[in-house]
Amino acid sequence: MSKPKIFITRPIPQLALDRLLPHVDYEIWQEQQPPSIEILSKKAHASDALLSMLSDPLNATFFDAPGSTLKIVSQFSVGVDNIDLSAATNHEIPVGHTPGVLTETTADFAFGLMLAAARRIVEGNNEVRQGIWRPWGPDVLTGYDVHGATLGLIGFGRIGQAVARRAAGFSMKVLYFDRSHHADLEQELGVAYASLDQILEQSDFISLHIYLSPETHHLIGKLEFEKMKPNAILINTARGGVVDHQALAVALKNGKIAAAAVDVTEPEPIQNDSPLLDLPNMIIAPHIASASKATRLRMAHIAVDNLLAGLEGRRLPFCANPAVYTKGK
Ligand code: GLV
């Protein structure tokens, strides 16, 4: 019997790949840039399964391709906003993803961004490398204390909660805004529920931990920046589309807020002419919050678990569109 065909859009950690390769005929995309939509579509639709990345746009047009043999998608990330899940479900394609294993690593990074922006670590580093070592002085590169400050979390899922745990070690007051109240966690983590406006008005640091959806697109825009404190620092490790970047650039430039540090932009990569690139009080990382070696290996194992389960006709252990299993029942 011939082996199922898999298209893998980026090399993934070898230890996990080794578990998959004996069972499949595979192609791994090795180029520096992700495959174009045309190549992705051609290769995926001639395969049984696709191991995708968040840079692969799997929209309705992708899933509607006629004559496709694609039966399973296993995505190497927790977020699946690049995938039209209803289109996948309509075509009875289960979509796997990798929740849970990147929570702590992403929370570490969010906290790192917070410290780096508050204490101007990147600005200081840049000055030193440019040969500008300003004489030690009382007002040189002064920033804001993280300890004791108020942290507002927008979104209080796994990663938001992990950031709250870290904040406790810095004696921060933590407010959270979420679709639901988490009374049990309020006790355990010493956090308080607040409205979105209260978060915007009271927080020294605002950290975003929500999924990107039509409802959350540009959730943080001009009006929201108007409500923030002048010393507020915005952290985004969620998705770039949650923040209106034009409004962010204006807010940073006009001193409406003090600084921002993001791991995600809209689009990715950020456009070369983005006004954000010229602002010293802005830190931009290239979407690496989950990029620790251990976590990327854990993600790879889950992506492989999802693929192997799907190929054996079992339910994916981590399925982003569980409706696919009840469709038509
Ligand atoms: C990273 O952004 C992920 O969704 O896994």
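Above this note sits the structure.
Predicted, not measured: the structure shown is a model, and the values here were computed from it.

1. Notes on the pattern of salt bridges
Here is step 1: This model, assessed by the stated rule, comprises 14 salt bridges.
Here is step 2: A salt bridge links R239 to D81; the nearest nitrogen and oxygen atoms lie 2.8 Å apart. Separated by 158 residues along the polypeptide, R239 in the loop between β10 (233–236) and α11 (245–253) and D81 in the loop between β4 (72–75) and α4 (85–90) bring together distant segments of the chain.
Here is step 3: For D81, a relative accessible area of 36% corresponds to the partly exposed category.

2. So, the packing of aromatic side chains
Here is step 1: A full pass over the atoms with the stated rule returns 5 aromatic pairs.
Here is step 2: Between Y176 and Y193 the ring centres are 5.3 Å apart and the planes differ by 85 degrees, which places this aromatic pair in the edge-to-face class. With Y176 in strand β7 (residues 173–177) and Y193 in strand β8 (residues 191–193), this residue pair connects regions lying 17 residues apart in the sequence.
Here is step 3: Residue classification places Y176 among the buried positions, given a relative accessible area of 0%.
Here is step 4: Measuring from centroid to centroid gives 6.3 Å for F177 and Y193, while their planes differ by 45 degrees, and the two rings are tilted. Separated by 16 residues along the polypeptide, F177 in strand β7 and Y193 in strand β8 bring together distant segments of the chain.
Here is step 5: The class of F177 is partly exposed, set by a relative accessible area of 25%.
Here is step 6: By relative accessible area, Y193 is classed as partly exposed at 27%.

3. Some words on the pairing of strand β11 (residues 259–262)
Here is step 1: Here β11 shows two buried faces, one formed by A259 and A261 and the other by A260 and V262.
Here is step 2: Sheet topology note: the β10/β11 ladder contains 4 bridges and is parallel. Within the sheet, the bridge partner assigned to N236 lies in β11 and is V262.
Here is step 3: At this point the chain moves from β10, through α11, to the parallel β11, and the crossover so formed is right-handed.
Here is step 4: Note: β11 against strand β12 (residues 282–284), 3 bridges, orientation parallel. Residue A261 lies in a different strand from β12, and its bridge partner there is I283.

4. Some thoughts on unusual backbone geometry
Trans is the prevailing form of peptide bonds, just as negative phi is the prevailing case for residues other than glycine.
Here is step 1: Of the consecutive residues E266 and P267, the connecting peptide bond is found in the cis state with omega at 0 degrees.
Here is step 2: Structurally, P267 is set in the loop between β11 and β12.
Here is step 3: Put simply, E268 and P269 share a cis peptide bond, and its omega is -5 degrees.
Here is step 4: With respect to the helices and strands, the residue P269 is situated in the loop between β11 and β12.
Here is step 5: Residues other than glycine seldom take positive phi values, yet L141 does so here, at roughly 50 degrees.
Here is step 6: Phi is positive for H218, close to 55 degrees, though the residue is something other than glycine.
Here is step 7: Structurally, the position occupied by H218 is in the loop between β9 (205–208) and α10 (222–227).
Here is step 8: For H218, a relative accessible area of 31% corresponds to the partly exposed category.

5. Brief notes about the layout of surface pockets
Here is step 1: Considering only enclosed or pocket space, the second largest pocket measures out at about 270 Å³ in volume.
Here is step 2: Along the walls of the second largest pocket sit V78, V80, D81, I83, D84, L85, H97, Y211, L212, S213 and P214, which together make up its complete lining.
Here is step 3: For the lining of the second largest pocket, the per-class residue count stands at 7 nonpolar, 2 polar and 2 charged.
Here is step 4: Mapped onto the domain boundaries, the lining of the second largest pocket takes at least three residues apiece from domain 1 (5–101 + 293–325) and domain 2 (103–284).

Procedures and definitions
Residues numbered from 1 in each chain as written. Predicted model: local features only at pLDDT ≥ 70, side-chain atom pairs only at ≥ 80, totals over all residues. Heavy atoms only, no water. Salt bridge = Lys/Arg side-chain N within 4 Å of Asp/Glu carboxyl O. Helix = DSSP H or I, 4+ residues; strand = E, 2+ residues; numbered from the N terminus. Buried < 20%, exposed > 50% of the residue type's maximum accessible area, 1.4 Å probe, protein only. Phe/Tyr/Trp six-rings, centres within 6.5 Å; stacked < 30°, edge-to-face > 60°. Pairing = 2+ DSSP bridges. Right-handed = clockwise from strand over helix to strand, strands pointing away. 1 Å grid on protein atoms, 1.4 Å probe; cavity = no way out; pocket = protein on both sides within 12 Å on 5 of 7 lines; lining within 4 Å. Points joined across faces, edges and corners; volume = space filled by probe spheres on them. Nonpolar A, V, L, I, M, F, W, Y, C, P; charged D, E, K, R; others polar. Domains from an automatic or database assignment.

Remember, this is a structural readout, not a statement about activity or role.
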